[in-house]
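Commentary on secondary and tertiary structure
What follows is each chain in one-letter form.
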Amino acid sequence: MTPPTAGSRLPGPVAIIGGGIGGLTAALSLQHFGVPVRVFEQARALREIGAGVTITPNAMSALDFLGIGSALAEQAGETPRYFVRSAADGRELERGPDPDSFVPEFGASYRNLHRADLHVTLTEAVTKNDPDAIALDHRFEHLEQDGDQVVAHFSNRASFAAPALIGADGGASAVRNAVFGGQDASYTGHVALRALVPITRVPSAIIADPYALYVGAGRSLIHYPLRHGTTMNLLGNAQASQWQAEGWSIPATVAEFLGLFDDFPEPVRELIAAIPGPDLFKWGLRDREPLPVWTSGRVTMLGDAAHPMTPYLGQGACMAIEDGMVLGRAFAASQDLAEAFSRYEAARRDRANGVQLAARFQGTQHHGSTASGPNSGKTAVTLGLFSYNPVSEPI
Ligand SMILES: Cc1cc2nc3c(=O)[nH]c(=O)nc-3n(C[C@H](O)[C@H](O)[C@H](O)COP(=O)(O)OP(=O)(O)OC[C@H]3O[C@@H](n4cnc5c(N)ncnc54)[C@H](O)[C@@H]3O)c2cc1C
């Protein structure tokens, strides 16, 4: 007999605000445990930015459990070994583990994915379970809740009453503002630039050493291949005193990127020079203090809405996936909503808030490098982050 769950006792679908990586993983996990969901996404069409995302074993174990790991592996291809290098002279500071060791050691693989591939695969899995699960063109504005229900209101004048609501609406979360009040994220003084370069344009020295993180004074740059090595993903971080614009897709120029990294090794400069002009974007990195509480009554949060983080450990999406997986398990293990949210938050808050702070510290380590003393700091591997398994961690 199927055990009773909080989900099976709730009238009507759980509302998830935001159809990004975290919201869709939560939807898939809740569906897996028999809880119907309705995802409300502000965009008119589901899409992702053109960029890579590293999904490490701690998050891949959830995607494997939810049935999409092998599809993602087919899209990604092999993961090369990574190297941390000095930006001054390219010398090796540290090397990552043998990629073949991840499955034996952590029970899951490490994949470098195109964000669109991850997003499409999650979307297809959720809508295969329920063709009506995702509602587009619904921009969440505010909510009210009482002992019986929470009602979400959208800018298209629609509203939706649900027994529970999950804020998965990213770093500028309107759900978080509605429940916990607005507290703007502060600019970190770091700007990030990202690009995809077709492999035919990539210098041979980079193809021979495809997965590398360069650390130097005030800057770091990482590149790794996507889609069976047909595209090189490139992400640079540098200090910049001022930043006004919001968003992840502000156009940048090759000259601007080169100007910031003009003393990095020659193959890196050649790679930057090879970026097709329209495919280069920048954004200002923002950070906020960890929230001591994520839940209020019938509302909780996950992913960047709960714990936005700087990209220096490559774990923002992985934490959102872990959150989504654990949320479904918490519903399955609980008799009512209060118990489910309490189990979820207790299992997740210290882990995700801790990674948020570790990512901030890692940024200061990279950027504290000098020409004479590069500092690779700690990586997600040396911090032991891959040992967490959201499918089997006690909740
Ligand atoms: C270029 C780049 C590279 C990165 N690389 C990595 C990496 O390698 N590894 C890693 O783990 N992390 C990485 N990250 C971080 C990671 O992408 C984020 O942490 C992750 O996307 C968070 O997922 P999320 O679902 O919480 O939020 P988001 O991905 O921001 O999704 C939020 C969704 O909510 C929707 N939304 C927002 N407001 C509303 C509203 N009011 N109403 C309805 N819908 C709304 C948005 O349209 C969006 O679809 C990277 C980030 C960037 C920008």
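Please refer to the structure higher up on the page.
Read on for an overview of the structure. In this convention, every chain numbers its residues from 1, walking through the sequence in written order. Given that the model is predicted, a residue must reach a pLDDT of at least 70 before its local features are reported, and side-chain atom pairs must reach 80 or more before they are shown or counted; all residues, however, enter totals for whole chains, interfaces and linings. Side-chain figures throughout are based on the complete set of non-hydrogen atoms in the structure, without hydrogens or water.

**Remarks on the environment of Glu-41**
This is how it is decided: Secondary structure counts use DSSP, requiring at least four H or I residues in a row for a helix and at least two E residues in a row for a strand, with both numbered from the N terminus. Whether two residues are in contact is decided by their heavy atoms: any pair within 4.5 Å suffices. The term polar contact refers here to a pair of N or O atoms within 3.5 Å; inside protein, the definition further demands a hydrogen-donor-capable atom paired with an acceptor-capable atom, and it admits residues adjacent in sequence only when both atoms are side-chain atoms.
Checked against the element boundaries, Glu-41 lands in the loop between strand S2 (37-40) and strand S3 (52-55). Between the C-alpha atoms of Glu-41 and Phe-140, which are 99 residues apart in sequence, the distance is 8.1 Å. Excluding residues within four positions of it along the chain, Glu-41 makes contact with Gly-18, Gly-19, Gly-20, Leu-46, Ala-135, Leu-136, Asp-137 and His-138. Among the polar contacts listed, one links the side chain of Glu-41 to the backbone nitrogen of Gly-19, at a separation of 2.7 Å. There is a polar contact of 3.0 Å between the side chain of Glu-41 and the backbone nitrogen of Ala-43.

**A closer look at the sheet that holds strand S4 (residues 83-86)**
In plain terms, the rule: Two strands are said to pair when DSSP picks up at least two bridges between them.
Across the sheet, 8 strands lie side by side as S5-S4-S13-S14-S15-S12-S17-S16; this open sheet has mixed pairing. Two strands bound the open sheet, and with one partner strand each, they are strand S5 (92-95) and strand S16 (250-251). Relative to strand S13 (residues 212-216), S4 runs parallel, the two sharing 4 bridges. Bridge pairing in S13 links Phe-83 to Ala-212.

**A closer look at the site of the ligand**
The following threshold applies: Here, proximity means that at least one heavy atom of the residue falls within 4 Å of the molecule or strand. Accessibility throughout is a Shrake-Rupley quantity obtained with a 1.4 Å probe, and a residue counts as covered only by protein chains that appear here.
Neighbouring the ligand are 32 residues; Gly-22, Glu-41, Thr-54, Arg-115 and Asp-304 lie closest to it. A distance of 3.0 Å separates an oxygen atom of the ligand from a polar backbone atom of Gly-314. One of the backbone nitrogen or oxygen atoms of Gly-316 is found 3.2 Å away from an oxygen atom of the ligand. Considered on its own, the ligand offers 1000 Å² of accessible surface; in the complex 89% of this is hidden by protein. At the level of secondary structure, the elements contributing two or more residues to the shell around the ligand comprise helix H2 (21-32), S3 and helix H11 (316-333). Here the shell around the ligand gets 4 residues from one element, more than from any other, and that element is H11.

**Here's the deal with the sheet that holds strand S7 (residues 134-135)**
What counts here: A fitted line through C-alpha atoms serves as each axis, taken over the contacting stretch for helices, and the angle formed by two N-to-C directions is quoted from 0 to 180°.
Within the open sheet, the 5 strands sit side by side as S7-S2-S1-S11-S18. Their pairing is parallel. Unpaired on one side and paired on the other, S7 and strand S18 (299-301) mark the two borders of the sheet. Direction of pairing for strand S1 (residues 14-17) relative to strand S11 (residues 165-167): parallel, over a ladder of 3 bridges. By the bridge assignment, Ile-17 is partnered in S11 with Gly-167. Strands S1, S2 and S7 of the sheet are contacted by H2, whose axis makes an angle of about 160 degrees with S1.

**A short note on the packing of helix H4 (residues 69-76) against helix H6 (residues 115-129)**
The line we're drawing: Small angles under 35 degrees read as roughly parallel and large ones over 145 as roughly antiparallel, with 65 to 115 read as roughly perpendicular and the rest as oblique. By convention the crossing between two helices is left-handed if the near helix lies anticlockwise of the far one by an angle smaller than a right angle, and right-handed if it lies clockwise. Only Asp, Glu, Lys and Arg are considered charged in this grouping, and only Ala, Val, Leu, Ile, Met, Phe, Trp, Tyr, Cys and Pro are considered nonpolar; every other residue, Gly among them, is considered polar.
Where H4 contacts H6, the axes come no closer than 10 Å and their chain directions differ by 155 degrees. With respect to H6, the axis of H4 lies roughly antiparallel. Judged by the sense of rotation from one axis to the other, the crossing of H4 with H6 is right-handed. Only Asp-117, Leu-118 and Thr-121 of H6 make contact with H4, whose side of the interface consists of Ala-71, Leu-72 and Gln-75. Looking at side-chain class alone, the contact of H4 with H6 contains 3 nonpolar, 2 polar and 1 charged residues.

**With respect to the environment of Gly-259**
With respect to the helices, strands and loops of the structure, Gly-259 is situated in helix H9 (residues 254-260). Between the C-alpha atom of Gly-259 and that of Asp-304, which follows or precedes it by 45 residues, the distance is 31 Å.

**A closer look at the nonpolar core**
For clarity, the threshold we go by: Working definition of a nonpolar core: buried Ala, Val, Leu, Ile, Met, Phe, Trp, Tyr and Cys residues. They are joined through side-chain atoms within 4.5 Å. Only protein chains enter the accessibility calculation, which uses a 1.4 Å probe; a residue is then buried when its area is under 20% of its type maximum, exposed when over 50%, and partly exposed in between.
Residues Ile-16, Ile-55, Leu-63, Leu-118, Leu-165, Leu-327 and Phe-331 are the most contacted members of the largest nonpolar core, which totals 94 residues. It is H11 that provides the largest number of residues to this core, a total of 9 residues. Excluding anything up to four places from it in sequence, Leu-118 contacts Ile-21, Val-53, Ile-55, Leu-63, Leu-72 and Leu-113. In terms of nonpolar packing, the next biggest core, distinct from the first, is built from 23 residues, Val-191, Val-202, Ala-212 and Leu-271 among them.

**Let's talk about the packing of aromatic side chains**
Two aromatic rings are characterised by how far apart their centres lie and by the angle between their planes. What counts, and what does not: Here a pair means two rings of Phe, Tyr or Trp (six-membered ring of Trp) with centres within 6.5 Å. Their orientation is stacked below 30 degrees between planes, edge-to-face above 60, and tilted elsewhere.
Across all of its chains, the model carries 16 aromatic pairs by this definition. Here Phe-140 and Phe-154 contribute two aromatic rings whose centre-to-centre distance is 6.5 Å and whose plane-to-plane angle is 80 degrees, an arrangement assigned as edge-to-face. Linking Phe-140 in strand S8 (residues 140-145) with Phe-154 in strand S9 (residues 150-154), this pair joins segments that are 14 residues apart in sequence. Judged by its relative accessible area of 7%, Phe-140 falls in the buried class.

**With respect to the pairing of strand S10 (residues 159-162)**
Here S10 shows a buried face lined by Phe-160 and Ala-162 and an unburied face lined by Ser-159 and Ala-161. Note: S9 against S10, 4 bridges, orientation antiparallel. Across the sheet, residue Val-150 finds its bridge partner in S10, namely Ala-162. Linking two consecutive strands that pair antiparallel, namely S9 and S10, is a turn of 4 residues; a positive phi of about 75 degrees is found at Arg-157 within it.

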